Each structure stands twice: as structure tokens, then as C-alpha cells.
Amino acid sequence: MRRYPSFGLVLVAIVALPLITGCPDPTVLDPCSGISCDDGDTCTVDSCDNGTCVNAPMDCPQGETCESGQCGRIVPAECRANDRDDGVFCNGSDTCIGGSWIHTGNPCEAGQTCNEGGDRCDDCTSVADCADNNPCTNDSCVNGTCLNTNNNTSCNDGAFCNGSDTCSGGVCTHAGNPCTSDQSCNEGTNKCDDCDTDVDCLDNNPCTSDVCLDGKCSHINNNVPCDDGVYCNGSDTCSGGTCIHAGNPCAAGQTCNEGADSCPDCTTDADCDDGDFCNGSETCDNTGTCKNGTSPCSANQVCDEEDNRCTKAGKMYWTQRASDIMRADLNGDNVETVVITDGPTQLGISLDLVARKVYWVRWDGSNSSNARIQRADLDGPDFNTNFEPNFITGLNTPYGIAVSNAANKVYWASSGGNRIGQATLSGANVETLVPNLSDGPFGIDFNPAGGSSGQIYWTENSFPDTVKRVDFSGSNVQTLVSGLSEPNFMALDLAGSKMYWTDSDSDEIRRADLDGSNVENVLFTGDTPMGIAIDSGAGKIYWTEWEPDKIRRANLDGTDVEDLITSGLDVPVDIALDVPGGG
């Protein structure tokens with residue numbers, strides 16, 4: 001920058017010269033003649049003294065100095081009134097005011113560096129200042145200016161699924177989906193997956209298990225059954241990823257019929273007869289295959305294979321302590337209400353399978369001394385039409401009940417009166433058969449044993465707990481079993497010459513011979529057994545339980561225990577069976 005001098009106030013000094021009088025002597029030679037003492041400095045007073053040059057500084061007043069031959073106020077030598085540059089770039093443009101420099105400040109923009117040596121504002125001082133984080137440019141700093149020159153090197157945008165990356169025009173460009181048309185791109189694993197789920201791997205081969213593992217299909221050989229659609233090569237099984245065959249399924253002498261998927265084994269119906277009554281008559285169809293017949297029995301009958309006959313389907317009936325008389329199939333199906341009773345407490349139950357009647361004991365709530373026996377038709381269709389709510393009344397706390405059509409009697413155990421009572425099946429001749437028992441009789445059953453020679457059995461569950469019996473005539477009371485825990489209802493298995501009873505204290509079902517010998521535990525129920533019934537023909541015991549409410553059955557030896565009904569019950573009490581020999 002060109003520098004311009006500035007001037008201050010100049011004071012002119014007037015030098016007094018000596019007064020010359022007279023004229024010099026021209027004959028005298030002047031030693032300063034011809035000598036020039038001008039030193040070119042306007043601030044010196046040049047003179048010759050006897051041939052010697054004297055260059056004396058200009059004499060300026062105090063506080064002033066000579067500049068360009070004039071005296072003035074002292075100011076920086078570089079600052080003159082007409083100067084505009086102090087020679088420094090990085091403090092901005094300059095102005096000399098009153099002998100002082102005034103600067104505008106850093107001439108560079110934010111982010112630039114002032115370069116004094118180069119009189120410029122630099123955008124960078126090193127390559128690092130020029131980094132633009134673009135892999136597709138080469139960054140450099142040239143004379144303070146950043147240069148970002150495009151390149152064509154490889155790049156990486158961090159995404160797998162848009163393909164390989166290459167720099168072009170300063171931008172990272174992509175080759176596109178790296179996967180084939182039947183693959184899916186997995187950005188999370190940076191892979192091309194052949195599958196997403198097992199369904200993608202199905203190969204329509206039943207002998208491989210098709211799975212998708214880490215995006216790749218695996219077909220693992222299995223050994224499951226398979227079917228090639230051909231009958232005559234035998235049953236099919238997978239082995240080594242292939243469906244193999246067991247061979248001709250037909251027996252010697254048979255010819256395999258592929259069209260019928262069969263091995264003909266008959267030519268006439270007689271060839272198919274298996275000798276069973278209950279599956280009906282077998283026939284030989286036109287493919288030479290034996291076809292089973294249908295049961296000869298109707299829907300409400302059961303088939304007796306032993307006697308080759310159809311009999312009425314069996315049912316079980318039970319009382320519920322605070323509701324109606326119920327029944328169901330022997331397997332617990334088809335639960336239904338038989339009679340809607342008129343009282344809150346139902347106890348013992350017995351069936352007359354000849355006259356088709358159901359009898360039961362009902363208490364009048366808390367007034368057990370005014371209890372009664374009620375009955376109704378066994379088969380309906382409207383059970384309540386012939387419901388007899390006051391068949392026998394005025395009883396004192398009866399529990400068990402037994403009906404003998406052969407003896408034309410109904411018997412009951414009256415705990416409140418400590419007696420065994422009886423009446424005819426018409427409800428007449430109500431009387432005490434066995435009076436003054438020492439304990440409370442509870443369950444009751446009978447052994448007809450040929451008319452009047454029959455015997456009545458009952459349990460007593462007040463201390464001491466026993467099982468007793470008496471002749472139909474009311475004589476010959478015998479204690480058969482004593483020292484029991486709490487025997488409740490009982491039932492006789494006349495075919496097996498056994499008597500069974502429930503014990504609600506020990507939660508057991510027990511039995512003994514009809515004479516009281518060979519007492520044994522049949523099974524431990526665990527849930528307060530009460531009512532009991534025997535199906536001698538089927539070899540089954542049926543019983544009710546209170547805690548929780550259940551109806552169950554087992555073999556007569558206590559094995560194969562089954563839960564028949566476990567819900568919808570309302571404290572089931574006693575149970576009776578509509579089966580041959582039941583009641």
C-alpha cells in the first residue's frame with residue numbers, strides 16, 4: 001500500500017543574519033567559494049564556515065520537530081495528515097486523524113484467518129480446515145482457499161440393500177438391490193435371504209421338514225408317515241427324504257384291488273360272519289370286502305352279546321340334598337331331572353324295576369321327624385304327572401330305603417326312631433319291622449333269597465358302628481360287622497355274595513361276605529363317599545361323593561376308578577341303578 005506523508009502545523013524560523021557593512025575586500029580569497037554544503041535534508045541549515053560545511057539541525061520550538069523543512073507538533077513519523085495506510089493489513093483500513101491511526105478492525109469474515117504476510121484473508125491454514133466429510137471429494141488448502149475436488153473412488157453409505165457404492169460427480173452413487181428376484185434383502189444382517197418364514201421353504205416333499213434358518217432354507221429328512229397315493233405297494237413311511245413302501249398289503253391268496261384300495265377277502269356274506277350278535281349281520285360287497293352290520297338294538301336299548309338280545313339301556317338315578325331327583329346314562333352322559341321335588345332335603349333312593357317306579361326319602365327341612373317317602377314313574381315321559389309327594393308320611397328321620405317287588409314291600413332305616421320300618425308297595429300297612437335298635441340305622445338293602453326267607457341288611461353309624469341283618473319276618477337280628485368308623489349307605493352284590501358300604505369318616509369303600517366275614521377295604525376315595533350301588537353284571541361299583549360333589553365308579557375290586565359327573569351337582573346323596581339286578 002502506498003504511503004502518503006501528512007503534515008502538521010509548520011512554523012517558519014526567521015534567522016537573523018549579521019549586518020554587513022562596507023564591502024568585502026575583493027582581493028581577499030573566500031575559502032567557501034565554490035563549495036556547496038546542501039545535504040538534501042530540508043530540516044538542516046547548511047552553511048560553509050571557512051571552507052567547512054556545517055549542517056545544523058533546524059532549531060524548532062520545544063515540543064515541535066522539523067518535518068520537510070518546517071517545524072510542527074511531534075506525530076508518529078508514519079502518520080501524516082494525508083496518509084491512509086499504517087502498513088498493517090490485519091487491523092483493517094486506516095485513517096490518520098489528529099496524528100493518530102484509526103483502524104476499522106479485522107478485515108476477514110468469521111471462520112477466516114488473517115494472513116499479514118500475504119495481505120489476505122485465508123479460508124484455511126491446513127487440509128483439516130477443508131474437510132467436507134464427503135468421501136467423493138479430495139480436500140486441499142491452496143493459498144488459504146479450500147479446494148474440494150471430485151474423485152471416483154469407492155464409498156460406503158452404510159446401507160447394504162442399495163448395492164455397492166462408487167463416487168461420481170462428487171456424490172456416492174449405488175448399484176441397486178444386490179439380491180436376486182427371488183431373494184429378500186436383509187438390511188439388519190447385510191445378507192440376501194432366500195426365505196423369511198418356513199412357508200417360503202416348502203418343497204412339497206412330505207419326507208423333509210422345511211425350515212428357514214438365518215435366511216436360508218433347510219430341508220431336513222424325517223421319518224413321518226407319507227402317502228404316495230398307491231394302495232397296493234403297502235403302507236408308506238419316510239426314510240432318507242424319500243417315501244418308501246412296505247410292499248403288498250394283502251395276505252396270501254388275496255389279490256390287491258388298487259381301484260377299491262382293498263384286498264378282497266370274501267365272495268359271499270357267509271365269509272364275513274364274525275359270530276357276534278351286537279354288530280349285526282356282516283356282508284360281502286362287490287369289491288370282495290367284508291362290511292360290518294349295524295346293531296340290531298334301538299337307540300334306547302343296549303345289546304347283550306352273551307344272551308344275543310337287546311335290553312333297555314341302563315341308567316343311574318340319584319338324590320341331591322337340596323334339589324330334585326336326577327338321572328343320567330351309566331357313563332355320566334345325558335344328565336336330566338326326573339322329578340322336581342317339593343322339599344329341600346332328599347336322601348335314600350330305590351327303584352322298582354318291575355313296576356317301573358322310583359322311591360326316595362324326603363325330609364321337611366329342619367323338621368326331620370315329619371319326613372316322608374315319595375315316589376314317581378320311572379320312565380316318564382312327564383315324570384311329575386304321577387308324582388306322589390305323600391306316599392308315606394309321618395316318618396322320623398329316615399335315611400336309607402329299599403324296595404322289593406317280590407316281597408311287595410318298601411323298607412326304610414329310621415335313624416330318629418332307631419328302627420327298621422316297612423309298608424306295602426301301595427303305601428298301606430306302615431309298621432315297625434325291627435324296633436328299639438341301639439344305634440342309628442342309616443343305609444339299607446335286602447337279599448330276597450326266595451320270598452319270606454329273605455333278609456334285610458343295614459348299617460348303624462352311631463357308636464358302636466356296625467352292619468346288621470334281620471329276617472323278612474323281623475326276627476333273628478344279627479350283628480355281622482362291628483368296630484367300624486362311620487358306615488353310611490350300603491348295597492348287596494348277590495351275584496358275588498358280597499355286601500359293600502361307604503365310610504365317610506375314613507373316606508373308604510369297604511366290603512365283606514354276606515355273613516360279615518372277610519372284611520376288606522376296596523378303595524380309598526379321599527372325598528367323603530355316601531351313596532353306593534352295585535352293577536353285578538358289569539362288575540362295577542357306583543358311588544356319590546360330597547367333597548367335592550362327584551359321581552364315580554370303579555371295578556368291584558376297586559381298580560379302574562372313573563369320574564362320571566364332576567360338575568352341576570348339588571350335594572349328591574344316594575344312588576340307584578336301572579340295570580338287570582339293580583334297584
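For every chain, the first residue of the written sequence is number 1, and numbering continues from 1 along that sequence. Confidence filtering applies because this is a predicted model: local features only for residues at pLDDT of at least 70, side-chain atom pairs given and counted only at 80 or more, and all residues used for totals across whole chains, interfaces and linings. Note: side-chain values were computed over all heavy atoms of the structure, leaving out hydrogens and water.

S.K.: Quick question: what am I supposed to make of the overall build of the protein here?
M.R.: A run of H or I in DSSP counts as a helix once it spans at least four residues, and a run of E counts as a strand once it spans at least two, with each numbered from the N terminus. Along the backbone of the protein there are zero helices and 47 strands. Burial classes: relative accessible area under 20% of the type maximum marks a residue as buried, over 50% as exposed, and values in between as partly exposed (1.4 Å probe, protein chains only). Taken across its 583 residues, the protein has 40% of its residues classed as buried. Residue contacts are defined here by distance: any two heavy atoms, one from each residue, within 4.5 Å place the two residues in contact. Sequence-distant contacts in the protein: of pairs separated by 6 or more residues, those separated by 24 or more amount to 34%.

S.K.: What's the story with unusual backbone geometry in this structure? I'm lost.
M.R.: In the segment running from Glu547 into Pro548, the intervening peptide bond is cis, with an omega of -5°. With respect to the secondary-structure elements, Pro548 resides in the loop between strand 44 (540-545) and strand 45 (550-555). In this model, Asn408 sits at a positive phi of 55°, which is unusual for a non-glycine residue. Here Asn408 shows up in the loop between strand 31 (398-404) and strand 32 (409-414).

S.K.: Looking at this model, I keep getting lost on the nonpolar core. Mind explaining?
M.R.: One recurring pattern in soluble globular proteins is that nonpolar side chains are buried together. To qualify as a nonpolar core, a set must consist of buried Ala, Val, Leu, Ile, Met, Phe, Trp, Tyr and Cys residues joined through side-chain atoms within 4.5 Å. Formed by 31 residues in total, the largest nonpolar core has its most connected members in Tyr359, Ile373, Ile392, Val410, Tyr500 and Ile541. Apart from residues no more than four positions distant in its own chain, Ile392 is found in contact with Arg372, Ile373, Val410, Trp412, Ala423, Gly427 and Val430. With 14 residues, the next largest nonpolar core counts Leu330, Ala533, Leu564 and Leu577 among its residues.

S.K.: Explain the confidence of the model for the protein to me, please; I cannot follow it from the model alone.
M.R.: The predicted structure's coordinates, where accompanied by low pLDDT, should not be read in detail. In predicted models, pLDDT denotes the confidence assigned by the predictor to each residue on a 0 to 100 scale. Per-residue confidence for the protein averages 83 on the pLDDT scale, and 88% of its residues sit at or above 70. Here residues 1-22 scores under 50 on pLDDT; set against residues more than four positions off or in separate chains, the count is 31 contacts.

S.K.: Mind showing me how you'd approach a negative patch on the surface here?
M.R.: Together, Asp227, Asp228, Glu258 and Asp261 give the surface a local cluster of negative charge. Structurally, Asp228 is set in the loop between strand 17 (225-226) and strand 18 (236-239). Note on Asp228: relative accessible area 32%, which makes it partly exposed. Excluding any residue in a salt bridge, patches collect residues exceeding 30% relative accessible area, merging like charges within 9 Å and nonpolar Val, Leu, Ile, Met, Phe, Trp and Tyr side chains within 5 Å. The accessible surface values rely on the Shrake-Rupley method and a 1.4 Å probe; as for residues, cover is taken only from the protein chains in view. For this document, the term salt bridge refers to a Lys or Arg side-chain nitrogen within 4 Å of an Asp or Glu carboxyl oxygen. Residues scored as positive are Lys and Arg, those scored as negative are Asp and Glu, and His as well as the terminal groups of each chain are ignored. Think of each charge as sitting on NZ of Lys, CZ of Arg, CG of Asp or CD of Glu.

S.K.: Explanation requested: the sheet that holds strand 39 (residues 487-493) in the structure shown.
M.R.: For two strands to pair, DSSP has to find at least two bridges joining them. Strand order in this open sheet of four strands is 39-40-41-42, and the pairing throughout is antiparallel. Among the strands making up the open sheet, the edge pair consists of strand 39 and strand 42 (520-524). This sheet shows a mean twist of 25° between the axes of neighbouring strands, independent of strand direction. Taken together, the four bridges between strand 41 (residues 508-513) and strand 42 define a ladder with antiparallel strand orientation. Following the sheet pairing, Ile509 is matched in strand 42 by Leu523. Helix axes are fitted only over the stretch in contact, all axes being lines through C-alpha atoms; the angle between N-to-C directions runs from 0 to 180 degrees.

S.K.: Help me understand the pairing of strand 41, please; the structure alone is not making it clear to me.
M.R.: Consecutive side chains of a regular strand alternate in pointing toward one face of the sheet and then the other. Along strand 41, six of the six residues are buried, which leaves the element largely enclosed by surrounding structure. Here strand 40 (residues 498-503) runs beside strand 41; their pairing, made up of six bridges, is antiparallel. Counted as the bridge partner of Lys498 is Asp513 from strand 41. Remark: four residues form the turn of the hairpin made by strand 40 and strand 41, two consecutive strands paired antiparallel; Asp507 in that turn has positive phi of roughly 55°. Counted along the chain from strand 41 to the antiparallel partner strand 42, the turn is six residues long, and its residue Gly516 has a positive phi close to 95°.

S.K.: When you look at the packing of aromatic side chains in this model, what are you seeing that I'm missing?
M.R.: Between two aromatic rings, the relevant description is the distance of the centres plus the angle of the planes. Ring pairs shown here join Phe, Tyr and Trp side chains whose ring centres sit within 6.5 Å, with only the six-membered ring taken for Trp; geometry is labelled stacked below 30 degrees between planes, edge-to-face above 60, and tilted in between. Throughout the structure, instances matching the rule amount to eight aromatic pairs. Ring plane angle 45° and centroid distance 6.4 Å describe the contact between Tyr411 and Phe446, whose orientation is recorded as tilted. Placement of Tyr411 in strand 32 and of Phe446 in strand 35 (residues 441-447) is noted, with a sequence separation of 35 residues between them. You'll find Tyr411 and Phe446 in the same group, each marked buried. Judged by centre distance (5.7 Å) and plane angle (20°), the ring pair of Tyr411 and Phe472 falls under stacked. In this pair, Tyr411 sits in strand 32 while Phe472 sits in the loop between strand 37 (465-471) and strand 38 (478-484), placing the two residues 61 residues apart along the sequence. Like Phe472, Tyr411 is buried. An aromatic cluster is built from Trp363, Tyr399, Phe442 and Phe489, whose rings are joined through pairwise contacts.

S.K.: In this structure, what is going on with the sheet that holds strand 31? I would like to understand it.
M.R.: Sheets are built from strands paired through backbone hydrogen bonds, the pairs being either parallel or antiparallel. Strand order in the open sheet made by the four strands is 31-32-33-34, with antiparallel pairing throughout. Strands with a single pairing partner mark the edges of an open sheet, and in this sheet they are strand 31 and strand 34 (431-434). Each adjacent strand pair in this sheet contributes to an overall mean axis angle of 30°, direction not counted. Pairing of strand 31 with strand 32, which is carried by five bridges, proceeds in the antiparallel orientation. Its bridge partner lying in strand 32, Ala402 is registered against Tyr411.

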